[in-house]
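Residue strings, one per chain:
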Amino acid sequence: MNPDKPTMTTATVDKTVRKEGMYEVVMEQFAHAADIMDLDPGVRKILAKTNSEIVVHFPVKLDNGKIEVFTGYRVQHNNALGPYKGGLRYHQTVDIDSARALAIWMTWKTALAGLPYGGAKGGIQIDPKLYSQNELERITRRFTYALGDNIGPDLDIPAPDINTNAQIMAWIADTYSSTKSPATRFSNLHVVTGKPLGAGGLEGRDRATGFGVVVTLKAWAKRRNKSVKGMKYIVQGFGNVGYWTAHFLLKEGATLIAVQDATATLFDPKGIDPEALLAHSDANGRTIKGFTGAKEMEPKEFFALDCDIVVPAALGNQITGENAGSIKAMVVAEGANGPTNTEGERLLREKNIDIIPDILCNSGGVIGSYYEWLQNKRSEIWKIAEVLEMLEEKLEDAFTKVADTAAEFKVDWRTSAYIVALRRLEKAYKERGIFP
Ligand code: NAD
């Protein structure tokens, strides 16, 4: 970190950063699907609320010797099907509403994928770019300590999300297990997934979400008697999900014509090389700005570009009433969580643009996490080829279930994905009953 750079304090968190407003969107989607499938009223009441919401304020000493107090969140929506599961995000937009929305989406996602997990999400309201690596380590470790036994390998298992990565997961695993008795140290490593390979990570977890986005795109193309080969696409977000999606789409013969991240929007109708762009981004502090292999363009024109596939892989509420009407693509593959709001979705539907919904499209990440968790529980080391093969099979199954249910109920794929997930949750409650 540049020592001259001002350090952001919780009091000066940039309030101009637009709130994502995802909670309203997820509740509207839930109500719509619950009405159509006639969800049991008791189960509907349970699922409309989160089970627990943890807010922690914790102090950290910064490099300049000053103390700063940070605010972290962990919202646990539902655990009817298994331990809570979901990412931790370090971003200025993290607040209780966004954590709630993202936790609820995780419950639907794990239920749809047929995993033995519930849904949770959390993070810290912070712009990580303003802190040194040492500060981020202390912030992460102190956040983990503050969460204490609210997380655990059989209770609630965090994973990476926006601005959190394998290194941050390793610090969480180390901090969590260091506070437990030495005899249980190694049986606690799977308190998080998305760890580096040397710290119990799974080969392939890094690319699982982007790989899954491409598996669902191929399944979509098959349903529509098309091929992604030769298609043109644009990606918003060039982090974990955006890059790996581009990496696998390149292998399928599709052409990346535009990329947008938080710092720039790049365009080249002849094609942008994702590998060269990654090398540039890695060398420049995770920014695509300044890349010479494409031209910079006006960010507002991004979604209106002439292409076949749009992949939002950044924040929520990006495709809205303001820009959905200008989208020309055949399909929106939701790599991000909650990228399309209700009005945006209505406009896409009016134009007969397909949407591969987030809880299906990006579920490769949590499925990969499940394999990592199993690998750790069984003290095994799995190979990447078998991981990707299992992932592909599971995602194709989920896609088929969603498409078949859409035909059964005569609904769009998002609503049918909800119905598949909600049916599974409803069954669990009906069979098990409510204690006492
Ligand atoms: P990341 O931190 O690796 O990358 C985020 C990217 O989004 C960066 O390129 C950043 O510059 C860009 N971005 C941020 N604000 C932006 C803005 N206003 N406009 C355009 N771009 C912007 O995060 P990630 O892990 O790739 O996650 C991206 C999305 O995918 C999130 O919605 C996340 O919840 C979802 N997701 C991630 C995973 C996973 O395994 N990492 C799994 C499922 C879903």
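Being a predicted model, the structure only gives us computed values, none of them experimental.

**Quick look at helix α7 (residues 240–251)**
Taking 1.5 Å per residue as the helical rise, α7 with its twelve residues ought to reach 16 Å, and the 17 Å between its terminal C-alpha atoms agrees with that figure. Counted residue by residue, α7 has nine buried out of twelve residues, so it is predominantly covered. Every buried residue of α7 is accounted for by Val241, Gly242, Tyr243, Trp244, Thr245, Ala246, His247, Phe248 and Leu249. Considering only its buried residues, α7 is in contact with α6 (208–223), β6 (232–236), β7 (255–260), α8 (274–283) and β10 (309–312). Glycine 253 occupies a position one or two residues after α7 and carries a positive phi of about 90°.

**Here's the deal with the packing of aromatic side chains**
Summed over the entire model, instances satisfying the criterion amount to 16 aromatic pairs. Ring centres 5.9 Å apart and planes at 80° place the aromatic pair phenylalanine 238 and tyrosine 243 in the edge-to-face group. Across this residue pair, the class does not change: phenylalanine 238 and tyrosine 243 are buried. A ring pair is formed by phenylalanine 399 and tryptophan 413, whose centres lie 5.4 Å apart and whose planes are at 65°; its orientation type is edge-to-face. Here phenylalanine 399 is found in helix α12 (residues 384–409), whereas its partner tryptophan 413 is found in helix α13 (residues 413–432), with 14 residues between them in sequence. Looking at tryptophan 413, the relative accessible area reads 11%, which means it is buried. Seen from the ring of tyrosine 23, arginine 100 lies directly overhead, with NZ or CZ sitting 5.9 Å from the centre.

**Digging into the sheet that holds strand β11 (residues 331–333)**
Read from one edge of the open sheet, seven strands run β9-β8-β7-β6-β10-β11-β12, paired in mixed fashion. Each of the sheet's edge strands pairs with one partner strand only, and the pair in question is β9 (295–296) and β12 (354–356). In the sheet, β11 pairs with β12 via three bridges, with the strands oriented parallel. The partner of valine 332 across the bridge, within β12, is isoleucine 355.

**Digging into the nonpolar core**
In terms of nonpolar packing, the biggest core is built from 92 residues, with Trp105, Trp108, Leu217 and Leu422 touching the most fellow members. Top element by residues in this core is α13. It accounts for ten residues. When residues of this core are sorted by domain, at least three fall in each of domain 1 (7–203) and domain 2 (207–352). Each residue touching tryptophan 108, except ones within four places of it in the same chain, is listed here: Val26, Phe30, Leu47, His77, Ile359, Tyr418, Ala421, Leu422 and Leu425. Ile139, Ile172, Tyr176 and Val191 belong to the second-largest nonpolar core, a separate cluster that totals 25 residues.

**Notes on the pattern of salt bridges**
Under the criterion given, the structure shown has 28 salt bridges. A salt bridge links lysine 129 to aspartate 127; its shortest N-O distance comes to 3.6 Å. Residue classification places lysine 129 among the exposed residues on the basis of a relative accessible area of 58%. Judged by relative accessible area, which is 10%, aspartate 127 ranks as buried. As a salt-bridge pair, lysine 218 and glutamate 392 come within 3.9 Å of each other at their nearest N and O atoms. Here lysine 218 is found in helix α6, whereas its partner glutamate 392 is found in helix α12, with 174 residues between them in sequence. Overall, the relative accessible area of 24% leaves glutamate 392 in the partly exposed class. Through salt bridges with shared partners, a single network forms among Glu334, Glu345, Arg349, Asp358, Asp412 and Arg414.

What counts as what
- Residues numbered from 1 in each chain as written.
- Predicted model: local features only at pLDDT ≥ 70, side-chain atom pairs only at ≥ 80, totals over all residues.
- Heavy atoms only, no water.
- Helix = DSSP H or I, 4+ residues; strand = E, 2+ residues; numbered from the N terminus.
- Expected span 1.5 Å × (residues − 1).
- Buried < 20%, exposed > 50% of the residue type's maximum accessible area, 1.4 Å probe, protein only.
- Contact = heavy atoms within 4.5 Å.
- Phe/Tyr/Trp six-rings, centres within 6.5 Å; stacked < 30°, edge-to-face > 60°.
- Lys NZ or Arg CZ within 6 Å of the ring centre and 35° of its normal.
- Pairing = 2+ DSSP bridges.
- Core = buried A, V, L, I, M, F, W, Y, C linked by side-chain atoms within 4.5 Å.
- Domains from an automatic or database assignment.
- Salt bridge = Lys/Arg side-chain N within 4 Å of Asp/Glu carboxyl O.

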